[in-house]
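These are the residues of each chain, in order.
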Amino acid sequence: MPQFPSLTEDLKADVVVVGAGITGITTAYLLAKRGLKVVVLNAGRILEGTTGSTTAKVTVQHDLIYSEFLSHLGEEKTRLYYDANQEALQFVKNIVNELSIDCQLSEEDAYVYTSNNAYIRKIQDEYKAYTKLNIPGAYVETTSLPFETKAAVRMSGQAQFNPVPFLIRFLQEIIKMGGLIFEHTTVVGASQERPSIVKTKQGSQVVCDYVVVSSHFPFNDRKGLYFSRLHAEKSYVLAVRTEKAYPGGMYISAEEPKRSLRSLLIHGEPAILIGGEGHKTGQGICTFDHYENLQKFGEESFGIKEILYRWSAQDIFTLDKIPYIGQQVSDVPNHLIATGFRKWGMTTSMVAAMLNTNLIMGEGSPYEEVFTPRRFHADPSIKTFVMQNANVAMHLIAGKLDLVTKQPEELAFDEGSVVRVHGKRAGAYRESDGKLHVVDTTCTHLGCEVEWNEAERTWDCPCHGSRYSFQGDVIEGPAKKALTKIQLP
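Undergrad: Describe the state of the cysteines, listing the residues and the values that go with them.
TA: Counting across every chain of the model gives one disulfide. Through a disulfide, C448 is tied to C463; the S-S separation comes to 2.0 Å. Disulfide C448-C463: the torsion about the S-S bond is -95°, which places it as left-handed. Here the residue C448 occupies a position in the loop between β20 (436-439) and β21 (451-453), and C463 occupies one in the loop between β22 (458-460) and β23 (467-469), the gap between them amounting to 15 residues. With respect to burial, C448 and C463 carry one shared label: buried. Between C286, a cysteine without a disulfide, and C461, which holds the nearest cysteine sulfur, the sulfur-to-sulfur distance is 19 Å. The class of C286 is partly exposed, set by a relative accessible area of 31%.

So, in structure tokens, the structure goes:
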């Protein structure tokens, strides 16, 4: 991985891209190709967020989605959603060939399958949607998986790859074209006039004509109320070597808990990614259990010889399952966003990069209305909005009423827990060397109480998905400020 400096001086640019995952880097690459001066600002190390933790299926088969979209959006917009993602898939294939990027790109069939009779009808309805929309696909009753499946829908010509070398090449191209990239540079605000002034936590600023926010939650959410229109979910992955050979293809189950499968090479040797176990951030069971459930599935299905890696990723969901891409609010035309990829960011990130580039260049796009952040579909958005915010309210109240009796001194080495300090709720973690860290558990975003994530040793907010290290530092937003540290006598 290349390393980049922090921003320590004031700059001017045509566009500032905030967030350097796959969306931000691709957006910067496309804008630089069009001759614009681009500055990319990233709060931490580049590609250490969701992009670096993805299963990287480059597919337009986004679970069982087309039948649902037909009922909510109608045929025209659903087809446009497909077309936009199909263009994105082809863009990835083309650019890998054009730039000769060694990123394990391979063409694969993609399947949504079920092993449960109750989901056969859903699979059949999805295939009917394919037929109505003229989407190439097939309905099959069996697959090559080493366990029984009842039905599946297949899309051929999909792909998988490693996004890190893919994006490293983009970073190199951006620099060649005069773009500037900065790590460890946290953006804390941006003025709404044009030109805009993008301000950083470190005190430096960039004056620019356009701001593209490609972080998970928009950092400048003054009018859009995105915190109430988005929610965060965690999911988990094992990279394993197995006794049984992988049959090829990419798979995801229709039923919950999700089971996602694909192959890859690790140090030149074949391995399998087993993913799933999604839940709202801060609201899961003991996080170790999610990894253990995936391990049990892998052992039963393929026979696990070795677990090479375990990790998790956090993804953002919109009210209607379509990403928010485009002008952030109606009266600020030079601020654009891209968020809410719902775990299918390998194509929707490309859609976002291409669409926002077109908007900045003053060019029209047939996809603008489908993805506009200013949309609101009565069905399902209202129902989802009510349910989501009722869930937030429940966790806000439950956290305040939580009865805690455990004391910090009761913690064993490498143990974290909600504790009671000075008669109030707090969070504590004792490192393996005995050092104790105590923080206020009130999330600095909107005041919910964070919960301890045992497997990853973080404090996670069950309301809007903010995550903090055991020392209280922000790992993921929408929170901007660290948890308050508590000093014990």
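Undergrad: Could you give an account of the pairing of strand β10 (residues 205-213), with specific residues and numbers?
TA: Note that strand β1 (residues 11-18) and β10 share seven bridges and pair parallel. Looking at β10, one finds that V17 is bridged to V212. Bridge analysis of strand β9 (residues 196-200) against β10 gives four bridges, and the strand direction is antiparallel. Bridge pairing in β10 links K199 to Q205. Connecting β9 to the antiparallel partner β10 that follows it, the hairpin turn spans four residues, and G203 within it adopts a positive phi of roughly 105°. As defined by bridge partners, β10 adjoins strand β17 (residues 335-339) across three bridges and the pair is classed as parallel. Residue pairing across strands places V213 opposite I337, the latter belonging to β17.

Undergrad: Explain empty space enclosed by the protein to me, and be specific about the residues and the numbers.
TA: Taken as a whole, this structure holds two cavities of 30 Å³ or more when the rule is applied. Roughly 30 Å³ of internal volume is contained in the second largest cavity. Forming the walls of the second largest cavity are K57, T59, Q61, A110, Y111, M250, Y251, I252 and W344. Secondary structure elements with two or more residues in the lining of the second largest cavity: β4 (106-114) and β12 (250-253).

Undergrad: Quick one: what's the story with the side chain of E126, residue by residue and with numbers?
TA: Here E126 shows up in helix α4 (residues 120-133). Although E126 is buried, it forms no salt bridge, and the closest oppositely charged side chain is R342 at an N-O distance of 8.5 Å. Aside from chain neighbours lying at most four places away, what touches E126 is D63, L64, I65, Y66, S67 and V153.

Undergrad: Break down the packing of helix α3 (residues 75-98) against helix α7 (residues 345-360) for me, with residues and values.
TA: Packing of α3 against α7 brings their axes to within 8 Å, and their N-to-C directions diverge by 95°. Considered as vectors, α3 and α7 are oriented roughly perpendicular to each other. Between α3 and α7, the residues in contact are Y81, A84, N85, E87, A88, L89, F91 and V92 and M346, T347, T348, M350, V351 and M354, respectively. Class assignment of the residues belonging to the contact of α3 with α7 gives a composition of ten nonpolar, three polar and one charged.

Undergrad: Go over the sheet that holds β21 with me, naming the residues and quoting the values.
TA: The strand order β21-β22-β23-β24 describes an open sheet built from four strands, whose pairing is antiparallel. Single-partner strands in this sheet number two, and they are β21 and β24 (474-476). Averaged over all pairs of adjacent strands, the angle between their axes in this sheet comes to 35°, without regard to strand direction. Judged from the three bridges that link them, β21 and β22 form a sheet pairing that is antiparallel. Across the sheet, N453 pairs through a bridge with T458, a residue of β22.

About the cut-offs
- Residues numbered from 1 in each chain as written.
- Predicted model: local features only at pLDDT ≥ 70, side-chain atom pairs only at ≥ 80, totals over all residues.
- Heavy atoms only, no water.
- Disulfide = S-S within 2.5 Å.
- Helix = DSSP H or I, 4+ residues; strand = E, 2+ residues; numbered from the N terminus.
- Buried < 20%, exposed > 50% of the residue type's maximum accessible area, 1.4 Å probe, protein only.
- Pairing = 2+ DSSP bridges.
- 1 Å grid on protein atoms, 1.4 Å probe; cavity = no way out; pocket = protein on both sides within 12 Å on 5 of 7 lines; lining within 4 Å.
- Points joined across faces, edges and corners; volume = space filled by probe spheres on them.
- Lys, Arg positive; Asp, Glu negative; His and termini not counted.
- Salt bridge = Lys/Arg side-chain N within 4 Å of Asp/Glu carboxyl O.
- Contact = heavy atoms within 4.5 Å.
- Axes fitted to C-alpha atoms, helices over the stretch in contact; angles between N-to-C directions.
- Parallel < 35°, antiparallel > 145°, perpendicular 65-115°, else oblique.
- Nonpolar A, V, L, I, M, F, W, Y, C, P; charged D, E, K, R; others polar.

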